[in-house]
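Architecture at a glance
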Amino acid sequence: KGDTAKAVAHCQAALRSDPEQSGARDLLKKCRRLEAKKEEGNTAFKAGDHAAAVARFSEALELADENAARDGPAQGFKAILYSNRATANSKAGEHDAAVADCDAALELDSGYVKALRTRARALLATEKYEEAVRDFKKALEEASVGGGREAEQLQRELRSAEIDLKRS
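Procedures and definitions
Residues numbered from 1 in each chain as written. Predicted model: local features only at pLDDT ≥ 70, side-chain atom pairs only at ≥ 80, totals over all residues. Heavy atoms only, no water. Disulfide = S-S within 2.5 Å. Buried < 20%, exposed > 50% of the residue type's maximum accessible area, 1.4 Å probe, protein only. Axes fitted to C-alpha atoms, helices over the stretch in contact; angles between N-to-C directions. Helix = DSSP H or I, 4+ residues; strand = E, 2+ residues; numbered from the N terminus. Parallel < 35°, antiparallel > 145°, perpendicular 65-115°, else oblique. Left-handed = near helix turned anticlockwise from the far one by under 90°. Contact = heavy atoms within 4.5 Å. Nonpolar A, V, L, I, M, F, W, Y, C, P; charged D, E, K, R; others polar. pLDDT = per-residue confidence, 0-100. Salt bridge = Lys/Arg side-chain N within 4 Å of Asp/Glu carboxyl O.

**Some details on the state of the cysteines**
A full pass over the atoms with the stated rule returns 0 disulfides. Free cysteine Cys 11: the closest other cysteine sulfur is in Cys 31, separated by 5.4 Å. Residue Cys 11 is classed as buried on the basis of its relative accessible area of 5%. Classification of Cys 31 as buried rests on a relative accessible area of 7%.

Pasting the structure below:
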């Protein structure tokens, strides 16, 4: 479900009980490789190297797809990777690629606030104001369950997008 730390902990517990458990050992290695690729992408993104971040997140998605065939789909983790790659694409000015990645993330997790917000921002950048307003509203609806600062920020972005829509 996207929580590699929990998966690693469960694999380690299984291996403590039965060191010969090859399935747990294989899954442990896969989880560590996936998490490492994701972290490489996050590090590149924080360093401002958006192209490298996109490449690392793409590699992690390929790994996740390889593993999905054998281990069942890791939907939550893949949604996070698509969302992260979308953010990197958006920062690199690749707004259409960002929208496509957000679409993929939202197929896996329809209420993923971060993907909705990223897609809304990319749609704004491509002057698709009505779609952006719709995504901001859905993100705000999803975020309002938890409340807090995220909902306030989304409310501000929604108002701004609505103003842009009226101006257009």
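Picking up where we left off.
**Structural notes on the packing of helix α6 (residues 113-125) against helix α8 (residues 149-167)**
Between α6 and α8, the shortest axis-to-axis distance is 12 Å and the interhelical angle comes to 25°. One element, α6, and the other, α8, form an angle in the roughly parallel class. The element α6 and its partner α8 pack so that their crossing is left-handed. In contact with Val 113, Arg 117, Arg 121 and Leu 124 of α6, α8 contributes Glu 150, Gln 153, Leu 154, Glu 157, Ala 161 and Asp 164. Of the residues belonging to the contact of α6 with α8, the class tally is 4 nonpolar, 1 polar and 5 charged.

**Digging into the packing of α6 against helix α7 (residues 129-143)**
The geometry of α6 relative to α7 is characterised by a closest axis approach of 8 Å and an angle of 160° between their N-to-C directions. Taken together, the axis directions place α6 and α7 in an arrangement best described as roughly antiparallel. For the pair α6 and α7, the crossing hand works out as left-handed. Contacts from Val 113, Leu 116, Arg 117, Arg 119, Ala 120, Arg 121, Leu 123 and Leu 124 of α6 reach α7 at Tyr 129, Glu 131, Ala 132, Asp 135, Phe 136, Lys 138, Ala 139, Glu 142 and Ala 143. Partitioning the contact of α6 with α7 into residue classes produces 10 nonpolar, no polar and 7 charged.

**Here we look at the confidence of the model for the chain**
Residues of the chain with pLDDT of at least 70 account for 93%, and the chain-wide mean is 90. Contacts for the low-pLDDT stretch residues 69-73, under 50 throughout, to residues beyond four places or in other chains number 5 contacts.

**Thoughts on the pattern of salt bridges**
Using the criterion set out here, one finds 11 salt bridges in the structure. Linking Lys 37 and Glu 59 is a salt bridge whose minimum nitrogen-to-oxygen distance equals 2.8 Å. Within this pair, whereas Lys 37 is found in helix α2 (residues 22-46), its partner Glu 59 is found in helix α3 (residues 50-71), the two being separated by 22 residues in sequence. The salt bridge partner of Arg 56 is Glu 59, with a shortest N-O separation of 2.9 Å. You can see Arg 56 and its partner Glu 59 sitting in helix α3, 3 residues apart, about one turn around the helix. The partly exposed category is assigned to Arg 56, whose relative accessible area is 23%.

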